[in-house]
Amino acid sequence: MTTTIEMNSLAAKKIREALAQENNPELKCRVYVDHVHGDHAHYGLAFDTQKPEDEVVTVQDMELLVGPDNKDFLNGLSIKYLLYPSEGFKITNPSKNNHGDH
């Protein structure tokens, strides 16, 4: 199964800016499940190097790393950077009925 992820352009811009500050061309943005409870998950982003078991998903001309764990919660993920009501990343999975701040 190929993982699908969508991302708004502002999220892509913020991730590219942060990656550029790391000054390490080997780093990519990893999307992961922080923890699962009930029928939904909490998500996170981190910079990491690619591992053999990773799937690379291209979104907004950027490569995201997706590990093998909890892939069912990562497929259909939506990554947005919002300026309102508070500035920051909002990661949800509408395909899993997860529309809250997770």
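Quick caveat, the model's predicted, so the values are computed rather than measured.

Scanning the protein chain from terminus to terminus reveals two helices and seven strands. If one aligns the C-alpha atoms of the protein chain with their principal axes, the spans along those axes are about 40 × 35 × 20 Å. Sorting the 102 residues of the protein chain into buried and exposed places 37% on the buried side. Look at the contacts in the protein chain between residues 6 or more apart in sequence, and 52% of them connect residues 24 or more apart. Carbon together with sulfur atoms contributes 46% to the accessible area of the protein chain, which is approximately 6,100 Å² in total. Here the protein chain contributes 10 positive and 16 negative side-chain charges, whose respective centroids are spaced 4 Å apart.

Our next topic: the environment of Thr-3. Position of Thr-3 relative to the elements: it lies in the segment before strand E1 (5–7). For Thr-3, a relative accessible area of 2% translates into the label buried. Taking the C-alpha atoms as reference points, Thr-3 and Tyr-43, separated by 40 residues in sequence, lie 15 Å from one another. In contact with Thr-3, other than residues within four places in its own chain, are Glu-55, Val-57, Val-66, Lys-71, Leu-74 and Asn-75.

So, how was this worked out
Residues numbered from 1 in each chain as written. Predicted model: local features only at pLDDT ≥ 70, side-chain atom pairs only at ≥ 80, totals over all residues. Heavy atoms only, no water. Helix = DSSP H or I, 4+ residues; strand = E, 2+ residues; numbered from the N terminus. Buried < 20%, exposed > 50% of the residue type's maximum accessible area, 1.4 Å probe, protein only. Contact = heavy atoms within 4.5 Å. Areas by Shrake-Rupley, 256 points an atom, 1.4 Å probe, with all protein chains shown as cover. Lys, Arg positive; Asp, Glu negative; His and termini not counted. Charge placed at Lys NZ, Arg CZ, Asp CG, Glu CD.

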